[in-house]
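What follows is each chain in one-letter form.
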Amino acid sequence: MVALAVAVVIVAGAVVLSGGDDATPVGAVAAVQDDHLPVDPIDTIPTRLDMIEATGVTTTRVDLFWKDIAPSRPAAPSDPADPAYDFARADLIMLGLAKRGITPIVSVYNAPRWATGGPPSVAAVNPNAPDPEDFGQFMGTLAARYSGGFISPGGEKLPEVRHFEIWNEPNLSAFFSPQFEGDQPVSLDTYAAMDKAAYPEIKKANADAVVIVGVGGPRSSTSETGFGAMDWLKGLRERNIPLDAYSQHVYPAAPPLADTTVVPSWATIGRVLDELDAWKPGLPLYITEAGYTTATTPYRTEKVTEEQQAEYLSEIYSLPQLRSDRVKAVVWFNLQDNVNWPAGLMREDLSQKPSYEAFTQAVDD
């Protein structure tokens, strides 16, 4: 979901999302996302990274906004050093995480207008779908810059980043438009084309990279504003797009232990895994956003008390369906409350909620 301006982990084979540990974790890794990283002043990034590190996590999800990195079309788009690119924020984040031993999952969306050909967006996040070839080329360039051997303008060797998520909640019109043209669905085909363009480019830059697709928003049914989570998953499977893993966001109204048939919810993780098995047996699932909000917002009317939030958090990371080798990570969103998404481990004034201690305990477990 989105927070401030919008608002992990992935394991493939023997590759584990942690600070370099090669031992397979028991159950889903507890991770967190800080949605301030892509939007706060750049000089605050070291402090924000310290806050992530203080939780004890070995993995975090990071949003990179394509429109901020490439505000104008590069003359040589496959060259990570093209002067049209501004990687200053991304470099600072990736270097800072590497120095702290934290593995990033990079989610790339929010396209520049030159890549969408659509009308300008007044929202913080441009929802207009980009040209698939432009997107694929950018993803290859991003993977090349963070392939482990590229030297930054400051003379530092940039770290290797292996985990790339294709967009954010592309089944929802707020992040990916259009979903339909008349009564014809178009978003599935557009997203499939983007992934088919990006996957080989990422792998060409780094054969060890892991490409995560789907990134399904927490919606249960399909309408003109987007696809339900299961319809989205099945639609992508029918298009047989390339992938190394699938990701889904889970924000149910029901408590974690509630017996419900709604997808996505904690009780129906097994149904999602069954659908993934029908696609590719054993395909990993990553829950790259999850949480419970402690106040109502224009985007979510459900709320829980701070005490319930802490209780639910502990229950999530103890669920039997997550204590397996199929679900690789659950990323709590977000680190700090904001007016649009008060699901943070901390309040807006940075004071800790009861969920903060519950989360650090889950990380330790």
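Please read all numbers here as calculations on a predicted model, not as lab measurements. (Residues numbered from 1 in each chain as written. Predicted model: local features only at pLDDT ≥ 70, side-chain atom pairs only at ≥ 80, totals over all residues. Heavy atoms only, no water.)

### What to know about the sheet that holds strand β2 (residues 59–65)
Part 1 of the reasoning: As summarised here, the arrangement of the 8 strands in space is β1-β2-β3-β4-β7-β8-β9-β10, forming a closed barrel in which the pairing is parallel. For this sheet, the mean angle separating the axes of adjacent strands, direction not counted, is 30°.
Part 2 of the reasoning: With 2 bridges connecting them, strand β1 (residues 29–33) and β2 associate as parallel partners. Its bridge partner being in β2, Gln-33 is matched across the sheet by Arg-61.
Part 3 of the reasoning: Helix-sheet contacts for helix α3 (residues 88–99) involve β2 and β3 (103–109), and the interaxial angle to β2 is about 170°. (Pairing = 2+ DSSP bridges. Helix = DSSP H or I, 4+ residues; strand = E, 2+ residues; numbered from the N terminus. Axes fitted to C-alpha atoms, helices over the stretch in contact; angles between N-to-C directions. Contact = heavy atoms within 4.5 Å.)

### As for the side chain of Thr-55
Part 1 of the reasoning: Summarising the element assignment, Thr-55 is placed in the loop between α1 (45–54) and β2.
Part 2 of the reasoning: There is a polar contact of 2.7 Å between the side chain of Thr-55 and the backbone oxygen of Ile-52.
Part 3 of the reasoning: Those residues in contact with Thr-55, other than ones at most four positions away along the chain, are Val-32, Leu-335, Tyr-356, Phe-359, Thr-360 and Val-363. (Polar contact = N/O pair within 3.5 Å; in protein donor to acceptor, adjacent residues only side chain to side chain.)

### A word on the environment of Val-250
Part 1 of the reasoning: When you line up the elements, Val-250 lands in strand β8 (residues 245–250).
Part 2 of the reasoning: Considering only alpha carbons, one finds Val-250 and Ala-115, 135 residues apart in sequence, at a separation of 30 Å.
Part 3 of the reasoning: Setting aside chain neighbours within four positions, we find Val-250 in contact with Pro-264, Ser-265, Trp-266, Ile-287, Glu-289, Ala-290 and Gly-291.

### Looking at unusual backbone geometry
Part 1 of the reasoning: Residue Val-263 is joined to Pro-264 through a cis peptide bond whose omega torsion reads 5°.
Part 2 of the reasoning: Cis geometry is adopted by the peptide bond preceding Asn-334, which originates at Phe-333 and carries an omega value of 20°.
Part 3 of the reasoning: Within the secondary structure, Asn-334 sits in the loop between β10 (327–333) and α10 (354–364).
Part 4 of the reasoning: A positive phi angle is found at Asn-110, which is not glycine, with a value near 65°.
Part 5 of the reasoning: Unlike most non-glycine residues, Trp-167 shows phi in positive territory, near 75°.
Part 6 of the reasoning: Tracing the sequence through the fold places Trp-167 in the loop between β4 (163–166) and β5 (180–181).
Part 7 of the reasoning: Relative accessible area serves as the criterion here: at 0%, Trp-167 is assigned to the buried category. (Buried < 20%, exposed > 50% of the residue type's maximum accessible area, 1.4 Å probe, protein only.)

### Overview of the nonpolar core
Part 1 of the reasoning: Core analysis: the largest hydrophobic core is formed by 94 residues, its most contacted members being Met-139, Tyr-191, Tyr-246, Trp-266 and Trp-279.
Part 2 of the reasoning: The element contributing the most residues to this core is helix α6 (residues 187–205), with 7 residues. (Core = buried A, V, L, I, M, F, W, Y, C linked by side-chain atoms within 4.5 Å.)

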